[in-house]
Amino acid sequence: MSETRSHPLAQIIEEIPFQLGRSFIHQVDSDQWKELGLQKKDQLLLEFRPLKDQDLALILHHGQGVLTRYRHSPTPRFLPPSPAPAIDHSDAVLQGVVVCLIRIMG
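Read on for an overview of the structure. Nothing here was measured: the structure is a model prediction, and the numbers come from that model.

What counts as what
- Residues numbered from 1 in each chain as written.
- Predicted model: local features only at pLDDT ≥ 70, side-chain atom pairs only at ≥ 80, totals over all residues.
- Heavy atoms only, no water.
- Helix = DSSP H or I, 4+ residues; strand = E, 2+ residues; numbered from the N terminus.
- Buried < 20%, exposed > 50% of the residue type's maximum accessible area, 1.4 Å probe, protein only.
- Polar contact = N/O pair within 3.5 Å; in protein donor to acceptor, adjacent residues only side chain to side chain.
- Contact = heavy atoms within 4.5 Å.
- Pairing = 2+ DSSP bridges.

Here the focus is the side chain of Asp55. By the element assignment, Asp55 lies in the loop between strand E2 (43-47) and strand E3 (56-61). Its relative accessible area of 11% is what places Asp55 among the buried residues. Among the polar contacts listed, one links the side chain of Asp55 to the side chain of Arg49, at a separation of 2.9 Å. Once residues lying within four places of it in the same chain are set aside, the contact partners of Asp55 are Arg49, Pro50, Thr68, Arg69, Tyr70 and Val97.

Attention now moves to the sheet that holds strand E7 (residues 93-102). If you trace the seven strands from one edge of the open sheet to the other, you get E1-E2-E7-E3-E4-E5-E6, paired in antiparallel fashion. Across the chains shown, the open sheet's two edge strands, defined by having one partner strand only, are strand E1 (23-27) and strand E6 (87-88). When strand E4 (residues 64-71) meets strand E5 (residues 77-79), the two strands line up antiparallel, connected through three bridges. Opposite Arg71, over in E5, you have Arg77 as the bridge partner.

Attention now moves to the pairing of E3. Of all the six residues making up E3, six are buried; the element is thus mostly covered by neighbouring parts of the structure. Two elements, E3 and E4, share six bridges in a ladder whose sense is antiparallel. Paired with Ala57 across the strands is Thr68, a residue of E4. The antiparallel hairpin formed by E3 and E4 contains two residues in its connecting segment, where His62 sits at a positive phi of about 50°.

Structure, rendered in C-alpha coordinates:
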(Lines give C-alpha, C1' and ligand atoms only; values in the text may rest on other atoms or scores of the structure.)
Protein backbone atom coordinates (compact mmCIF):
# COMPACT_ATOMS: atom_id res chain seq x y z
CA MET A 1 0.00 0.00 0.00
CA SER A 2 1.41 3.38 -0.95
CA GLU A 3 1.71 6.30 1.47
CA THR A 4 -0.87 8.30 -0.50
CA ARG A 5 -3.49 5.54 -0.08
CA SER A 6 -3.10 5.66 3.73
CA HIS A 7 -3.75 9.41 3.82
CA PRO A 8 -7.22 10.40 5.12
CA LEU A 9 -7.84 12.43 1.97
CA ALA A 10 -6.69 9.65 -0.37
CA GLN A 11 -10.12 8.99 -1.87
CA ILE A 12 -10.74 12.69 -2.51
CA ILE A 13 -7.25 13.20 -3.92
CA GLU A 14 -7.67 10.24 -6.28
CA GLU A 15 -10.95 11.69 -7.52
CA ILE A 16 -9.47 15.15 -8.07
CA PRO A 17 -6.61 15.00 -10.56
CA PHE A 18 -3.97 17.72 -10.28
CA GLN A 19 -5.35 20.70 -12.14
CA LEU A 20 -4.99 24.38 -11.38
CA GLY A 21 -8.13 25.83 -9.86
CA ARG A 22 -9.45 22.57 -8.38
CA SER A 23 -10.29 22.80 -4.69
CA PHE A 24 -11.60 20.75 -1.77
CA ILE A 25 -12.34 21.00 1.95
CA HIS A 26 -10.09 19.54 4.66
CA GLN A 27 -11.44 19.00 8.20
CA VAL A 28 -8.93 19.81 10.97
CA ASP A 29 -9.09 16.86 13.36
CA SER A 30 -6.56 17.79 16.05
CA ASP A 31 -5.21 20.73 18.02
CA GLN A 32 -1.66 20.27 16.73
CA TRP A 33 -1.97 23.29 14.43
CA LYS A 34 -3.15 25.85 17.01
CA GLU A 35 0.08 27.85 16.65
CA LEU A 36 -1.00 28.42 13.04
CA GLY A 37 -4.30 29.83 14.28
CA LEU A 38 -6.39 26.70 13.65
CA GLN A 39 -8.69 24.86 16.02
CA LYS A 40 -10.03 21.33 16.02
CA LYS A 41 -13.14 21.08 13.79
CA ASP A 42 -12.11 24.04 11.63
CA GLN A 43 -12.38 23.42 7.91
CA LEU A 44 -9.84 24.57 5.37
CA LEU A 45 -10.60 25.32 1.76
CA LEU A 46 -7.62 23.99 -0.19
CA GLU A 47 -6.80 24.39 -3.83
CA PHE A 48 -4.14 23.03 -6.13
CA ARG A 49 -1.94 25.88 -7.35
CA PRO A 50 1.74 26.79 -7.48
CA LEU A 51 3.24 27.68 -4.11
CA LYS A 52 4.15 31.23 -3.11
CA ASP A 53 6.39 32.26 -0.21
CA GLN A 54 4.53 32.19 3.15
CA ASP A 55 1.62 30.06 1.84
CA LEU A 56 -0.07 27.77 4.34
CA ALA A 57 0.01 24.33 2.71
CA LEU A 58 -1.15 20.82 3.53
CA ILE A 59 1.51 18.28 2.62
CA LEU A 60 1.89 14.54 2.86
CA HIS A 61 5.12 13.63 4.66
CA HIS A 62 5.94 9.97 5.38
CA GLY A 63 2.27 9.05 5.23
CA GLN A 64 1.10 11.84 7.53
CA GLY A 65 -0.89 14.91 6.59
CA VAL A 66 0.95 17.97 7.94
CA LEU A 67 -0.12 21.59 7.78
CA THR A 68 2.91 23.79 7.12
CA ARG A 69 4.07 27.26 6.20
CA TYR A 70 5.94 27.31 2.88
CA ARG A 71 9.19 29.27 2.72
CA HIS A 72 10.91 29.74 -0.61
CA SER A 73 14.09 31.48 0.56
CA PRO A 74 16.93 30.67 1.09
CA THR A 75 15.84 27.16 0.04
CA PRO A 76 12.31 25.85 -0.66
CA ARG A 77 11.02 24.11 2.47
CA PHE A 78 7.92 23.52 4.55
CA LEU A 79 7.79 24.62 8.20
CA PRO A 80 5.46 22.48 10.35
CA PRO A 81 4.41 23.52 13.86
CA SER A 82 7.32 23.46 16.32
CA PRO A 83 9.22 21.54 17.54
CA ALA A 84 9.16 19.60 14.25
CA PRO A 85 12.09 20.40 11.95
CA ALA A 86 11.73 22.00 8.51
CA ILE A 87 10.85 19.61 5.67
CA ASP A 88 12.64 19.89 2.34
CA HIS A 89 10.23 20.51 -0.54
CA SER A 90 11.54 17.41 -2.30
CA ASP A 91 10.60 15.22 0.70
CA ALA A 92 6.89 16.12 0.68
CA VAL A 93 3.87 15.76 -1.56
CA LEU A 94 1.76 18.90 -1.83
CA GLN A 95 -1.88 18.16 -1.07
CA GLY A 96 -3.14 21.73 -1.46
CA VAL A 97 -2.66 25.38 -0.57
CA VAL A 98 -4.96 26.87 2.05
CA VAL A 99 -7.26 29.44 0.47
CA CYS A 100 -9.41 30.19 3.50
CA LEU A 101 -10.40 29.03 6.96
CA ILE A 102 -14.02 28.09 7.65
CA ARG A 103 -14.89 28.20 11.34
CA ILE A 104 -18.39 27.21 12.35
CA MET A 105 -19.30 28.89 15.62
CA GLY A 106 -21.44 26.97 18.04
